[in-house]
Number of protein chains: 2
Amino acid sequence: MMKLYDLELSGNCYKVRLFAALAGIQLDLVPVDFMAGKHKQAPVIDLNPWGELPVLEDGEVVLRDSQAILVYLARQYANDDWYPQDAAEQALVQQWLSTAANEIQNGPASARLVDKFGFELDKARTLVISDRILGLLESHLSQNQWLAAEQATIADCAVMPYVALAREGGISLDDYPEILKWIEQIKTLPGFIPMPGI
Amino acid sequence: MMKLYDLELSGNCYKVRLFAALAGIQLDLVPVDFMAGKHKQAPVIDLNPWGELPVLEDGEVVLRDSQAILVYLARQYANDDWYPQDAAEQALVQQWLSTAANEIQNGPASARLVDKFGFELDKARTLVISDRILGLLESHLSQNQWLAAEQATIADCAVMPYVALAREGGISLDDYPEILKWIEQIKTLPGFIPMPGI
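Since this is a predicted model, take the numbers as computed values, not measurements.

## What about the pairing of strand S1 (residues 3-6) of chain A?
Residues and elements named next belong to chain A. As defined by bridge partners, S1 adjoins strand S2 (residues 28-31) across 4 bridges and the pair is classed as parallel. Considered in S2, the bridge of Tyr5 is made with Val30. Viewed along the sheet, the connection from S1 through helix H1 (residues 11-23) into S2 turns out right-handed. Judged from the 3 bridges that link them, S1 and strand S3 (residues 55-58) form a sheet pairing that is antiparallel. Opposite Tyr5, over in S3, you have Val55 as the bridge partner.

## Concerning the interface of chain A and chain B
On the chain B side, the residues contacting the 37 residues of chain A number 37 residues. Approximately 3000 Å² of surface area, both sides summed, lies buried where chain A meets chain B, with 56% of it carried by carbon and sulfur atoms. Considering only the surface of chain A that becomes buried against chain B, Trp50(A), Gln94(A) and Gln95(A) emerge as the three largest contributors, covering 20% of it. Across the contact surface, chain A and chain B share 2 salt bridges.

## Some details on the environment of Pro49(B)
Tracing the backbone shows Pro49(B) in the loop between helix H2 (44-47) and strand S3 (55-58). Between the C-alpha atoms of Pro49(B) and His39(B), which are 10 residues apart in sequence, the distance is 9.5 Å.

## Examining the pattern of salt bridges
Enumeration according to the criterion identifies 16 salt bridges over all chains in this entry. Note that Lys123(A) and Asp115(A) form a salt bridge whose closest N and O atoms lie 3.0 Å from each other. One salt bridge in this structure joins Glu168(B) and Lys116(B), with 3.6 Å as the shortest N-O distance. Of this pair, Glu168(B) sits in the loop between helix H6 (154-164) and helix H7 (177-187) while Lys116(B) sits in helix H4 (residues 87-117), and the two are 52 residues apart along the sequence. Since its relative accessible area comes to 39%, Lys116(B) is described here as partly exposed. One network of salt bridges, in which partners are shared, links Arg112(A), Lys116(A) and Glu168(A).

## A look at the sheet that holds strand S4 (residues 61-63) of chain A
All names here are of chain A. Read across the sheet, 4 strands follow the order S2-S1-S3-S4 without closing on themselves; strand pairing throughout is mixed. Each of the sheet's edge strands pairs with one partner strand only, and the pair in question is S2 and S4. On average, each strand axis in the sheet is inclined to that of its neighbour by 15 degrees, with strand direction left out of account. The sheet contact formed by S3 and S4 spans 3 bridges and is antiparallel. Across the sheet, residue Glu57 finds its bridge partner in S4, namely Val62. Packed onto the sheet, helix H3 (residues 66-77) meets S3 and S4 and runs at close to 30 degrees relative to S3.

## Digging into the environment of Arg112(A)
All names here are of chain A. Turning to its location among the elements, Arg112 is positioned in helix H4 (residues 87-117). It is 6.8 Å that separates the C-alpha atoms of Arg112 and Ala166, two residues lying 54 residues apart in sequence. Discounting chain neighbours no more than four positions away, the residues touching Arg112 are Leu9, Gly11, Phe117, Tyr162, Leu165, Glu168, Gly169 and Met195. Among the polar contacts listed, one links the side chain of Arg112 to the side chain of Glu168, at a separation of 2.7 Å.

## As for the packing of H4(A) against H4(B)
Following both chains from N to C, one finds H4(A) and H4(B) inclined at 45 degrees, their axes separated by 9 Å at the closest point. What the angle tells us is that H4(A) and H4(B) run oblique. The crossing of H4(A) and H4(B) is right-handed. Residue-level inspection shows Gln90(A), Gln94(A), Leu97(A), Ser98(A), Ala101(A), Asn102(A), Gln105(A) and Asn106(A) of H4(A) in contact with H4(B), the latter providing Gln90(B), Gln94(B), Leu97(B), Ser98(B), Ala101(B), Asn102(B), Gln105(B) and Asn106(B). Residues that form the contact of H4(A) with H4(B) fall into these classes: 4 nonpolar, 12 polar and no charged.

## Describing the sheet that holds strand S4 (residues 61-63) of chain B
All names here are of chain B. Strand order across the open sheet formed by 4 strands is S2-S1-S3-S4, with mixed pairing between neighbours. Whereas interior strands pair on both sides, the edge strands pair on one side only; in this sheet they are strand S2 (28-31) and S4. Ignoring which end each strand starts from, the neighbouring axes of this sheet average 15 degrees apart.

## Some points on the relation of the copies chain A and chain B
Rotating chain A by 180 degrees about the axis while translating it 0.0 Å along that axis superimposes it on chain B, leaving an RMSD of 0.0 Å. The superposition of one copy onto the other is thereby described by a two-fold rotation axis. Considering only C-alpha atoms, the part of chain A nearest the rotation axis is Asn102(A), at 2.3 Å. In this assembly the copies share their binding face: 100% of the residues contributing to the interface of chain A also contribute to that of chain B.

## Digging into the packing of aromatic side chains
The full count for this structure, using the stated rule, is 6 aromatic pairs over all chains. On the basis of an interplanar angle of 75 degrees and a centroid distance of 5.2 Å, the ring pair of Phe19(A) and Trp82(A) is categorised as edge-to-face. Within this pair, whereas Phe19(A) is found in helix H1, its partner Trp82(A) is found in the loop between H3 and H4, the two being separated by 63 residues in sequence. Its relative accessible area of 11% is what places Trp82(A) among the buried residues. With 6.1 Å between their ring centres and 85 degrees between their planes, Tyr72(B) and Tyr77(B) make a pair best called edge-to-face. The exposure class of Tyr72(B) is buried, given its relative accessible area of 3%. Relative accessible area serves as the criterion here: at 38%, Tyr77(B) is assigned to the partly exposed category. Positioned over the ring face of Trp50(A) is Arg64(A), at 3.6 Å from the centre of the ring. Against the face of Trp96(B) rests Arg64(A), its NZ or CZ located 4.9 Å from the ring centre.

Conventions and cut-offs
- Residues numbered from 1 in each chain as written.
- Chains lettered and ligands numbered in written order.
- Predicted model: local features only at pLDDT ≥ 70, side-chain atom pairs only at ≥ 80, totals over all residues.
- Heavy atoms only, no water.
- Pairing = 2+ DSSP bridges.
- Helix = DSSP H or I, 4+ residues; strand = E, 2+ residues; numbered from the N terminus.
- Right-handed = clockwise from strand over helix to strand, strands pointing away.
- Contact = heavy atoms within 4.5 Å.
- Buried area = accessible area lost by both parts, 1.4 Å probe.
- Salt bridge = Lys/Arg side-chain N within 4 Å of Asp/Glu carboxyl O.
- Buried < 20%, exposed > 50% of the residue type's maximum accessible area, 1.4 Å probe, protein only.
- Axes fitted to C-alpha atoms, helices over the stretch in contact; angles between N-to-C directions.
- Polar contact = N/O pair within 3.5 Å; in protein donor to acceptor, adjacent residues only side chain to side chain.
- Parallel < 35°, antiparallel > 145°, perpendicular 65-115°, else oblique.
- Left-handed = near helix turned anticlockwise from the far one by under 90°.
- Nonpolar A, V, L, I, M, F, W, Y, C, P; charged D, E, K, R; others polar.
- Least-squares fit on C-alpha atoms with pLDDT ≥ 70 in both.
- Phe/Tyr/Trp six-rings, centres within 6.5 Å; stacked < 30°, edge-to-face > 60°.
- Lys NZ or Arg CZ within 6 Å of the ring centre and 35° of its normal.

See below:
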């Protein structure tokens, strides 16, 4: 079975666990002791020289980056609704995969790294990035039920976790009713699984 | 013809111009006066509420985010070598699209924004991110001729520009011979076009 080198409290790992659950894909979770730095030691560092989690191992296929893992699982094991084949539809998903990798990671996810895990990052900067991206997301969701298609896609799975965890970085979602509605909507999808804080 | 709302000095816009040139895709370039803030005014802001360049307009299809535009152009107008259909191969490309969106943007691209355009960002932080990503890139290229496949893909087009422009952010590439070799190799591809600084 596929192995996911996993950290329960990581939103990036949860993206993968969530999508696998929604799409009915079986994963063998291999917990990695992040606080002890095991992700920067063998055998994990040999699989991913970047020293980050999650890492997916599916036979010969070894992947870092949660967005890339979502693309792989969707294309290999799920129906096309999750990651459409059409060029324009695929690009609409990609817009939000880039957003997840950049603005969401450097906004709400990094604010949480400071508050919850004591990372020495510029907290004020994470809040500036968060304000901007949450405003753009709220506006987008006021006109679209899902981020990138008529149905849930891997874009929703990539963006939602750290947005829903924003409170753990000291960021309130009270002023973002469309975002709150979208999070609740994801929670009603068949197969949904939670994580601590969501 | 497709319109690319473009800024000559933007590495993100150059990613798209470069790939289109390599793949023989015709673009109608629409220069946007960035210094005058035209990207934050109509009509560009109506096409992209994010207020960023580039923006691609192909009939009804309107896309922001340079990585998403690369995905669209490759899937719609280029052969599969540039963006493979196979799940694992596509995910290997995605790893580097995420890297382009995050580490490259917040490392060398942001260092250049400070030095060349006077943006008020934490320069020291951009250098820390750059050091890490350039080291990982150098190591990867010491074992791989291209980033994500046996041939050039949109991953190379997404990552190369701001790496090659690193000097404009005060970052020397002298200690990265594999990166320098890879940049030169891209320059020899049929159809290659330069930009100021590359």
